[in-house]
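# Commentary on secondary and tertiary structure
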Amino acid sequence: MLLAENLAAVQSRIAAACGRSGRDPAEVTLLAVSKNHPAEAVAEAVGLGLTTFGENRVQEAKAKIPLSPSRARWHFIGHLQSNKARDAVALFGTIESVDSLALAEELQKQAEKQAKTLQVLLEVNVSGESSKFGWVPDRLMESLGAFDALPRLELHGLMTIAPYATDAENVRPVFRRLRELRDRCADRLGAPLPVLSMGMSGDLEVAIEEGSTIVRVGTALFGPRPKGVRGTAEE
Ligand SMILES: *Cc1c(COP(=O)(O)O)cnc(C)c1O
C-alpha cells in the first residue's frame with residue numbers, strides 16, 4: 001500500500017534527523033496534512049497508527065471531519081478569518097495559525113460560548129515574505145501580554161511556514177530564528193512554550209535538527225494534491 005510505504009519512509013526520515021541531533025523521535029509529532037484528500041485517506045492513515053491531522057480550510061474540514069474516525073485529532077493550519085472562528089472552534093482542538101490579536105480575541109469569545117479550551121500556536125512570518133500571514137517577530141513580543149486576558153486559549157508555542165526552497169539547507173536560518181524567538185517569548189511570559197511547528201515534506205529534517213516538535217507533512221504521505229496548493233491558501 002502506498003500510504004503505508006510513504007509513512008514508513010517519513011518515519012525513517014524523522015528517526016534519522018532525530019539521530020543526527022540527539023533527539024528522541026517521541027518528541028516529534030507527525031501531523032498528517034490531509035487537505036485536498038478525502039476522509040477515506042484519513043481513515044487509512046488512522047488505521048496505520050496516525051493520530052493527528054491538519055486542514056487549512058474550514059469548509060473542507062466541516063465536510064471531512066464528521067466522516068473521519070472519531071479518534072483523529074485535528075489541527076487547523078490555514079489562514080483563519082474571524083467569521084469562521086465559530087466553526088473552527090467547534091471542529092479543531094488546536095489552531096496552529098493564530099496570526100493576530102483580533103483573531104485570538106474572537107477565538108476566545110467562541111471558545112467561551114462553546115465552553116471549550118483551545119490549544120493555540122502563534123504563526124510567525126519569520127522570513128518577512130509579503131505573501132505570508134503571521135506575526136512580525138517584534139510585534140509578537142509586544143502583544144504576548146494580551147494573551148493573559150484570553151483564558152480559553154492555551155498558548156503552547158509557535159508555528160512557521162518556511163519559504164519554498166529547492167535546498168532545505170537554505171531555510172535552516174528560518175527554523176533557527178523561530179526557535180530563538182520561542183525562547184525569548186517563553187522568557188517574557190515566564191512560562192515554557194514547548195511546541196515548535198515547523199518543517200514540511202521538503203524540509204522536515206532541517207526543521208527537526210533545529211528543534212521542531214511538530215512536522216506538518218502532506219505530499220510525502222498522501223502524494224501530490226489534486227490542486228497544487230502549498231501553505232498559503234486563504235479561507
Ligand atoms: C499544505 C501544508 C503543509 C504540507 O505541505 P507538504 O509540502 O505537502 O508536506 C504544511 N503546512 C501547511 C501550513 C500547509 O498548508
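Structure shown above.
Reference entry: report on the structure contained in this document. Worth saying up front: this structure is predicted, and the values here are computed from it rather than measured.

### With respect to the overall build of the protein chain
In terms of helices and strands, the protein chain carries nine helices and eight strands. On the principal axes, the C-alpha backbone points of the protein chain span a range of 50 × 40 × 30 Å. With an accessible surface of roughly 10400 Å², the protein chain has 51% of that area assigned to carbon and sulfur atoms. Distance between charge centres in the protein chain, computed from 28 positive and 30 negative side chains, equals 3 Å.

### Focus: the environment of Glu96
Within the secondary structure, Glu96 sits in strand E4 (residues 94-98). Sequence spacing of Glu96 and Glu210 is 114 residues, and the spatial spacing of their C-alpha atoms is 19 Å. Residues contacting Glu96, with those up to four places away along its chain left out, are Leu31, His75, Phe76, Ile77, Leu121, Leu122, Glu123, Met159, Ser197, Ile214 and Arg216. Polar contacts involving the side chain of Glu96 include one to the side chain of His75, which spans 2.7 Å.

### Quick notes on the site of the ligand
Lining the immediate surroundings of the ligand are 13 residues, of which Lys35, Ser201, Arg216, Thr219 and Arg225 lie closest. Note that a nitrogen atom of the ligand is positioned 2.8 Å from one of the side-chain N or O atoms of Arg216. In the complex, the protein chains occlude 96% of the 390 Å² of accessible area that the ligand would expose alone. Looking at side-chain class alone, the shell around the ligand contains five nonpolar, four polar and four charged residues.

### Considerations on the packing of aromatic side chains
Each aromatic ring pair is characterised by the separation of its centres together with the angle its planes make. Per the stated rule, a full pass over the model turns up two aromatic pairs. Where Phe53 meets Trp74, the ring centres are 5.5 Å apart and the plane angle is 35°; that geometry is what we call tilted. Within this pair, whereas Phe53 is found in strand E2 (residues 52-55), its partner Trp74 is found in strand E3 (residues 73-76), the two being separated by 21 residues in sequence. Neither residue differs from the other here; Phe53 and Trp74 are each classed as buried. Seen from their ring centres, Phe76 and Phe92 are 5.2 Å apart, and the 70° between their planes marks the pair as edge-to-face. With Phe76 in strand E3 and Phe92 in the loop between helix H4 (85-91) and E4, this residue pair connects regions lying 16 residues apart in the sequence. We classify Phe76 as buried; its relative accessible area is 0%.

### Some words on the nonpolar core
Ranked by size, the top nonpolar core spans 67 residues in total, and within it Phe53, Ile95, Leu107 and Leu221 carry the most contacts. Setting aside residues up to four positions removed in sequence, Ile95 forms contacts with Phe76, Leu80, Ala88, Leu107, Leu118, Gln119, Val120 and Leu121.

### Structural notes on the layout of surface pockets
Here the second largest pocket is characterised by a volume of approximately 160 Å³. Around the second largest pocket, the lining is made up of 13 residues, and of these Arg73, Trp74, His75, Gly93 and Thr94 lie nearest the centre. At the level of elements, E3 and H4 are the ones that each hand at least two residues to the lining of the second largest pocket. At three residues, E3 tops the list of elements feeding residues into the lining of the second largest pocket. Its residues assigned to classes, the lining of the second largest pocket comprises five nonpolar, six polar and two charged.

### Quick word on helix H5 (residues 101-113)
With 13 residues, H5 should reach 18 Å at 1.5 Å per residue; the first-to-last C-alpha distance of 18 Å fits that figure. Taken together, the buried positions of H5 are occupied by Leu103, Ala104, Glu106, Leu107, Gln108, Gln110 and Ala111. In this structure, the buried side of H5 is in contact with H4, E4, strand E5 (118-123) and strand E6 (153-159). Looking at the residues trailing H5, positive phi occurs at Ala115, about 50°.

Conventions adopted
- Residues numbered from 1 in each chain as written.
- Predicted model: local features only at pLDDT ≥ 70, side-chain atom pairs only at ≥ 80, totals over all residues.
- Heavy atoms only, no water.
- Helix = DSSP H or I, 4+ residues; strand = E, 2+ residues; numbered from the N terminus.
- Areas by Shrake-Rupley, 256 points an atom, 1.4 Å probe, with all protein chains shown as cover.
- Lys, Arg positive; Asp, Glu negative; His and termini not counted.
- Charge placed at Lys NZ, Arg CZ, Asp CG, Glu CD.
- Contact = heavy atoms within 4.5 Å.
- Polar contact = N/O pair within 3.5 Å; in protein donor to acceptor, adjacent residues only side chain to side chain.
- Near = heavy atom within 4 Å.
- Nonpolar A, V, L, I, M, F, W, Y, C, P; charged D, E, K, R; others polar.
- Phe/Tyr/Trp six-rings, centres within 6.5 Å; stacked < 30°, edge-to-face > 60°.
- Buried < 20%, exposed > 50% of the residue type's maximum accessible area, 1.4 Å probe, protein only.
- Core = buried A, V, L, I, M, F, W, Y, C linked by side-chain atoms within 4.5 Å.
- 1 Å grid on protein atoms, 1.4 Å probe; cavity = no way out; pocket = protein on both sides within 12 Å on 5 of 7 lines; lining within 4 Å.
- Points joined across faces, edges and corners; volume = space filled by probe spheres on them.
- Expected span 1.5 Å × (residues − 1).

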